[in-house]
Amino acid sequence: MNYNQILKNGKNYLKKNKIKNAHLDVELILSKVLNRNREEIILNLNKNLKNTDIMKFKHYLFRRYQNEPMAYILGYKYFWKHKFLTNKSVLIPRPDTELIIEETLKYLPNNNSKKILDIGTGSGCIVVSLIKERPKCAATAIDISINAIKVAKTNAKLHQLENKINFINIDIDKLKSYNYDLVISNPPYINSIEFNRLGDDIKSHEPKIALSGGSDGLKDLKKVIFKSKKLLKVNGKLIIEIGHKQKNICTKILNENNFYINKSSKDLSGKDRCIVSTKLQ
Ligand SMILES: C[S@@+](CC[C@H](N)C(=O)[O-])C[C@H]1O[C@@H](n2cnc3c(N)ncnc32)[C@H](O)[C@@H]1O
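Residues numbered from 1 in each chain as written. Predicted model: local features only at pLDDT ≥ 70, side-chain atom pairs only at ≥ 80, totals over all residues.

Caption draft 1: Just the overall build of the protein chain, in detail. Across its full length, the protein chain holds 13 helices and 9 strands. Taken against the 2.2 N^0.38 rule, which gives 19 Å for 281 residues, the C-alpha radius of gyration of the protein chain at 21 Å falls within 12% of a compact globule. For the protein chain, the C-alpha atoms occupy an extent of roughly 70 × 40 × 30 Å along the three principal directions. A separation threshold of at least 6 residues defines the contact pool for the protein chain, and within that pool the share at least 24 residues apart is 66%. (Helix = DSSP H or I, 4+ residues; strand = E, 2+ residues; numbered from the N terminus. Rg over C-alpha atoms; globule rule 2.2 N^0.38 Å. Contact = placed C-beta atoms within 7 Å.)

Caption draft 2: Region of interest: the site of the ligand. Close to the ligand lie 23 residues; G120, G122, I172, N186 and A210 are nearest. Among the secondary structure elements, those contributing two or more residues to the shell around the ligand are α7 (125-133), β4 (138-143) and α11 (208-211). Considering only residue class, the shell around the ligand consists of 13 nonpolar, 7 polar and 3 charged. (Near = placed C-beta within 6 Å. Nonpolar A, V, L, I, M, F, W, Y, C, P; charged D, E, K, R; others polar.)

Caption draft 3: A look at the packing of helix α2 (residues 22-34) against helix α4 (residues 51-65). Following both chains from N to C, one finds α2 and α4 inclined at 140°, their axes separated by 9 Å at the closest point. Taken together, the axes of α2 and α4 are oblique relative to one another. Crossing handedness for the pair α2 and α4: right-handed. Taking contact as the criterion, the partners of D25, I29, L30, K32, V33 and L34 in α2 are, on α4, D53, K56, F57, Y60, L61 and R64. Taken together, the residues that form the contact of α2 with α4 break down as 7 nonpolar, no polar and 5 charged. (Axes fitted to C-alpha atoms, helices over the stretch in contact; angles between N-to-C directions. Parallel < 35°, antiparallel > 145°, perpendicular 65-115°, else oblique. Left-handed = near helix turned anticlockwise from the far one by under 90°.)

Caption draft 4: Region of interest: the sheet that holds strand β3 (residues 115-119). Reading across the sheet, the 7 strands line up as β5-β4-β3-β6-β7-β9-β8 and stay open at both edges, with mixed pairing between neighbours. Both edges of this open sheet fall to β5 (165-169) and β8 (259-266), since each of them pairs with a single strand only. Mean inter-strand twist for the sheet, computed between neighbouring axes without regard to direction, equals 15°. Pairing of β4 with β5, which is carried by 5 bridges, proceeds in the parallel orientation. In the strand pairing of β5, I142 is matched with I168. Sitting on the sheet, helix α6 (residues 98-106) is in contact with β6 (180-185), β7 (232-241), β8 and β9 (272-279), with an inclination near 35° to β9. (Pairing = 2+ DSSP bridges.)

Caption draft 5: Here's a closer look at the packing of α6 against α7. It is the contact of α6 with α7, at a shortest axis distance of 10 Å, that shows an interaxial angle of 35°. Along this stretch, α6 crosses α7, giving a crossing that reads as right-handed. Two secondary-structure elements touch here, α6 through I100, I101, T104 and L105 and α7 through I126, S129, L130 and E133. Grouping the constituent residues of the contact of α6 with α7 by class yields 5 nonpolar, 2 polar and 1 charged.

Caption draft 6: Spatial organisation of unusual backbone geometry. Residue N67 is not a glycine yet carries a positive backbone phi of 75°. Among the secondary structure elements, N67 is positioned in the loop between α4 and α5 (70-74).

Caption draft 7: Structural detail: the nonpolar core. Of all hydrophobic cores here, the largest spans 53 residues; its most connected members are I116, V127, V183, L221 and I239. It is α7 that contributes the most residues to this core, 6 residues altogether. The next biggest cluster of nonpolar side chains, apart from the first, holds 13 residues, and it includes I6, L7, L14 and I29. (Core = buried A, V, L, I, M, F, W, Y, C linked by C-beta atoms within 7 Å. Buried ≥ 20, exposed ≤ 12 C-beta atoms within 10 Å, placed from the backbone.)

Caption draft 8: Quick look at the environment of S212. Mapping S212 onto the fold places it in the loop between α11 and α12 (219-231). Residue classification places S212 among the buried residues on the basis of 20 C-beta atoms within 10 Å. Considering only alpha carbons, one finds S212 and K8, 204 residues apart in sequence, at a separation of 38 Å. Not counting residues up to four positions away in its chain, the partners in contact with S212 are P188, I190 and F195.

Caption draft 9: Region of interest: the domain arrangement of the protein chain. Looking at the assigned domains, one finds that the protein chain contains domain 1 (3-66) and domain 2 (77-279). Spacing between the C-alpha centres of domain 1 and domain 2 amounts to 35 Å. (Domains from an automatic or database assignment.)

Caption draft 10: Region of interest: helix α8 (residues 146-158). When the terminal C-alpha atoms of α8 are compared, their 18 Å separation across 13 residues agrees well with the 18 Å that a helix rising 1.5 Å per residue should span. Considered for burial, the residues of α8 that qualify are A148, I149, V151, A152, N155 and A156. Along the axis of α8, the buried residues cluster in a sector spanning 160°; they form a single face. Just downstream of α8, Q160 is the residue with a positive phi angle, here 55°. (Expected span 1.5 Å × (residues − 1). Arc of directions from axis to C-beta.)

Caption draft 11: Quick look at the pairing of β3. Most of β3 sits inside the fold, with 4 of its 5 residues counted as buried. Alignment of β3 against β4, held across 5 bridges, turns out to be parallel. Within the sheet, the bridge partner assigned to D118 lies in β4 and is A141. Of the crossover connections in this fold, the one passing from β3 over α7 to the parallel β4 is right-handed. In terms of strand pairing, β3 meets β6 through 4 bridges, oriented parallel. Across the sheet, the residue bridging to I119 is S185, located in β6. (Right-handed = clockwise from strand over helix to strand, strands pointing away.)

Structure below.
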């Protein structure tokens, strides 16, 4: 079988299960199998595949047919300006989360040496992207999942930051280190009704602990806000990602906990997604 035939068969197979972007996905899968870029494949469509490569292709194709996200099959996802390794222990970095990076950088001038905490670091995409931009800052990143911490550490190493970020496997409730200038968090914030409505690609493949914020979706957001009151210096900033219907309730909880709201920002589809606040006296 040649490249052209396997791509065509693969695309038709994925379409049977209504997989969107089937054409691109099969090209990316074949690139992974052959360890060649897509351009090389397109320029060699008449080239024949070895049987071992056909077997590998079928294995990955079946995973995609079963709705497994491409980021887990390929083992990486691009976020901000970098490539991040991903596996089933971590949430796949989302373009919407890049808003946190954009907003945080506004409060971190170049050559700034602030002390930063990332709560629920997952793949480490937020903290690694920030320290790449502001190398003089000192960062700690925590996650309740030991397997997520392993992935985050691997990503820090991949970007030569293994000695610059302190990764800790701990529940936010148990953290006892203080005086941060900035706390950033994209906590799990999906409520149970919305969780049940998630697509199979997300619900069956991404870690529930990274998505579900309890029945009202606020369990972990509240933990982050309550804890940040103690972790932050006076005038320190708390920058959180929120669900698109959580702006009013989160603003209220922040105000009740002595935070001043600096701003809220909308994501690429115009939905409320990020709140920047300041811890008052
Ligand atoms: C929505 S994911 C965010 C991952 C990553 N920061 C990102 O933006 O792609 C939330 C992360 O919080 C972690 N988490 C959940 N509950 C936690 C807790 N109580 N303490 C610390 N981390 C927690 C999960 O394991 C998960 O990695």
